[in-house]
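Here are the chains, one letter per residue:
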Amino acid sequence: MGLLDGKKGLILGVANERSIAWGIAEALKKEGAELAFTYVGENLEKRVRPLAESVGARLVLPCDVTVDDQIDTLFDAIREEWGALDILVHSLAFAKKEELKGEYVNTSRDGFRLAMDVSAYSLVALCRRAYPLMEGRGGSVITLTYLGSERAIQNYNVMGVAKAALEASVRYLASDLGPKGIRVNAISAGPIKTLAAMGISGFKEILDMVEAKSPLRRNVTPEDVGGTALYLASPLSSGVTGEIIYVDSGFNIMGL
Ligand code: NAD
């Protein structure tokens, strides 16, 4: 028997097999969850569909989170196919490449708006559609954040500000949805070499720093994050909501 037998999970944010969302999907699947996936655009569909099918997913749908119609269509399909939802994984973010280098003071209005819309507001938009399907089932919402929300990390810039908004949203959403029995938490992952991370200037130096200075002296993997996501998705964390949980080899606790 698996920890998530009979549970239904929607995963947003798989781009390829290196995605954090894929590490999470594998962990949830191993414990019996039935999964649905989304993708953005035809190029990513070619990557996501075979991965999704390899874990038996029947629902693989387009969803650009900046487009309300696509979010509505996604949840219509979930309602039709499953009639309910137990787990929502929000593992996506976006900022223009030019905003992820140089000084934050140069952030453009358009770059700020786009990063906030995709990386922070999208969680609110998704939760609003998800909660009626989760109500009374002990639902769990999980998002992904990074230490750049609370420390100034070179080149992370507007994404750090978007992650701060995302983390505040986790607390407000946890407060709103808690009375409906739905928990909302974030995992603050250490740096992992993914498609999105490669857009951050100097990312390799961040990886080297964590390996050299973190208590565990290593970088984390999507499997490490998947383990914590499994805990947050399962009844093992039934009393936990509104939290930011670090999966970063302990890097965040270090001073000098
Ligand atoms: P990834 O490139 O594998 O995944 C990012 C995903 O965001 C992609 O699937 C992409 O399609 C999706 N996305 C971008 N714009 C979108 C839009 N408009 N609508 C819907 N989806 C959109 O990279 P990842 O590192 O696995 O990123 C997943 C999450 O983890 C992000 O929130 C990221 O900020 C966070 N995170 C990553 C790291 C890291 O070092 N990789 C560390 C901490 C947190």
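Because the structure is a prediction, the values reported are computed rather than measured.

Visitor: Explain the nonpolar core here, please?
Guide: For soluble globular proteins, the rule of thumb is that nonpolar side chains tend to be buried together. In terms of nonpolar packing, the biggest core is built from 50 residues, with L10, L12, F75, I78, L85, L88 and V141 touching the most fellow members. Where this core is concerned, the elements lending two or more residues are β1 (8–12), α3 (68–81), α4 (109–134), α5 (157–177), β6 (183–189) and α6 (203–213). At 12 residues, the largest contribution of residues to this core is made by α4. When neighbours within four sequence positions are excluded, F75 is seen to be in contact with L10, L85, L126, R129, A130 and L133. Ranked by size, the runner-up nonpolar core spans 35 residues in total, among them V14, W22, L35 and V48.

Visitor: Teacher, can you tell me more about helix α7 (residues 222–233) here?
Guide: Structurally, the α-helix is built with 3.6 residues per turn, so residues lying three or four positions apart point the same way. If you check α7, its first and last C-alpha atoms are 16 Å apart, about what 12 residues at 1.5 Å a residue would give, namely 16 Å. Every buried residue of α7 is accounted for by P222, V225, G226, T228, A229, L230, L232 and A233.

Visitor: Would you mind showing me how to read α4 here?
Guide: Helix length check: α4, at 26 residues, gives a terminal C-alpha distance of 36 Å against a target of 38 Å (1.5 Å per residue), a fit within 8%. Once α4 finishes, G136 follows within two positions and takes phi at roughly 75°, a positive value.

Visitor: Quick question: what am I supposed to make of the packing of aromatic side chains here?
Guide: Describing an aromatic ring pair means giving the distance of the ring centres and the angle of the ring planes. Considering all chains together, one arrives at 2 aromatic pairs under this definition. Where W22 meets F37, the ring centres are 6.0 Å apart and the plane angle is 40°; that geometry is what we call tilted. Of this pair, W22 sits in helix α1 (residues 20–30) while F37 is found in strand β2 (residues 34–39), placing the two residues 15 residues apart along the sequence. With a relative accessible area of 1%, F37 lands in the buried category. With centroids separated by 4.9 Å and ring planes inclined at 70°, the aromatic side chains of Y146 and Y156 adopt a geometry described as edge-to-face. Placement of the pair is Y146 in the loop between β5 (140–145) and α5 and Y156 in the loop between β5 and α5, with a sequence separation of 10 residues.

Parameters at a glance
Residues numbered from 1 in each chain as written. Predicted model: local features only at pLDDT ≥ 70, side-chain atom pairs only at ≥ 80, totals over all residues. Heavy atoms only, no water. Core = buried A, V, L, I, M, F, W, Y, C linked by side-chain atoms within 4.5 Å. Buried < 20%, exposed > 50% of the residue type's maximum accessible area, 1.4 Å probe, protein only. Helix = DSSP H or I, 4+ residues; strand = E, 2+ residues; numbered from the N terminus. Contact = heavy atoms within 4.5 Å. Expected span 1.5 Å × (residues − 1). Phe/Tyr/Trp six-rings, centres within 6.5 Å; stacked < 30°, edge-to-face > 60°.

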